[in-house]
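Coordinate analysis (summary)
One letter stands for each residue in the lines below.
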Amino acid sequence: MNFNKLLVILSTILFFTSSLIKIGEASCLEQLAGYFNQQNQNVQLTFVRPQGDVVYISNTLSYYYYGGFLTNGNSFPALFSSRTKTTASGVQPFDVAQQQTSFFDRSGIVLKKDGSLSMSAIWSGPFNVNLTCTGSLNYGIADNGYLVSLQFK
């Protein structure tokens, strides 16, 4: 089975399974409150795009006092499952030599306390998502069809 298709199937199962287990789940305001403490926060975001490929970015979000949100201050290089490298053992997805810059300036990512996330990456264009917040894993489906997960590290 194609690696991308398998990843999409597993991600979809995880998404729908975790959507059913919301007993005792607190709001995003409660779950994310500790990350809006004026400190830099290390995050990783994973996107499953409608065509089946996966994009992974990881870097630091900074608290922007005047807006009360977390935002990027750096380029967030992206890795893509569709960009492969052939090795002796086979084809390797997520070739680091083919990473792409996500943002040229600040505010490419804006995460608000209520779990609303807006993003405008070079490789995606603008989109918005209202995250479901569980504390350790925050996820949702964006208005462009991307399955989005955000984790603080």
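The shown structure was predicted, so the numbers you read here are calculated from the model rather than taken from an experiment.

The subject of this paragraph is the confidence of the model for the protein. Of all residues in the protein, 83% attain a pLDDT of 70 or more, and the chain-wide mean is 87. Looking over the protein, one finds the lowest element-wise mean pLDDT in helix α1 (residues 3–20), namely 57, and the highest in strand β7 (residues 109–111), namely 97. Residue range residues 20–24 is modelled with pLDDT below 50. Its contacts to residues more than four positions away, or to other chains, number two contacts.

With that settled, the discussion passes to the packing of aromatic side chains. Within the structure shown, the criterion is met by 11 aromatic pairs. Aromatic pair Tyr64 and Tyr66: ring centres 6.3 Å apart, planes at 70°, arrangement edge-to-face. According to the relative accessible area criterion, Tyr64 is partly exposed, its value standing at 30%. Put simply, the rings of Phe47, Phe80, Trp123, Phe127 and Tyr146 touch in pairs and so form one group of aromatic residues. Note that Arg83 overlies the ring of Phe80, its terminal NZ or CZ placed 4.0 Å from the centroid. Its guanidinium or amino end placed over the ring of Tyr64, Arg106 lies 4.7 Å from that ring's centre, counting from NZ or CZ.

The next thing to look at is the environment of Gln151. For Gln151, the location among the structural elements is in strand β12 (residues 147–152). Judged by its relative accessible area of 28%, Gln151 is partly exposed. A C-alpha to C-alpha distance of 9.9 Å links Gln151 and Thr134, two positions 17 residues apart in sequence. A distance of 2.8 Å separates polar atoms of two side chains, one belonging to Gln151 and the other to Gln44.

Under the defined criterion, the tally for this structure stands at one disulfide. One disulfide in the model links Cys28 with Cys133; its S-S distance is 2.0 Å. Disulfide Cys28-Cys133: the torsion about the S-S bond is 95°, which places it as right-handed. Linking Cys28 in helix α2 (residues 28–32) with Cys133 in strand β10 (residues 132–133), this pair joins segments that are 105 residues apart in sequence. Here Cys133 falls in the buried class, since its relative accessible area comes to 1%.

Scoring rules and cut-offs
Residues numbered from 1 in each chain as written. Predicted model: local features only at pLDDT ≥ 70, side-chain atom pairs only at ≥ 80, totals over all residues. Heavy atoms only, no water. pLDDT = per-residue confidence, 0-100. Helix = DSSP H or I, 4+ residues; strand = E, 2+ residues; numbered from the N terminus. Contact = heavy atoms within 4.5 Å. Phe/Tyr/Trp six-rings, centres within 6.5 Å; stacked < 30°, edge-to-face > 60°. Buried < 20%, exposed > 50% of the residue type's maximum accessible area, 1.4 Å probe, protein only. Lys NZ or Arg CZ within 6 Å of the ring centre and 35° of its normal. Polar contact = N/O pair within 3.5 Å; in protein donor to acceptor, adjacent residues only side chain to side chain. Disulfide = S-S within 2.5 Å.

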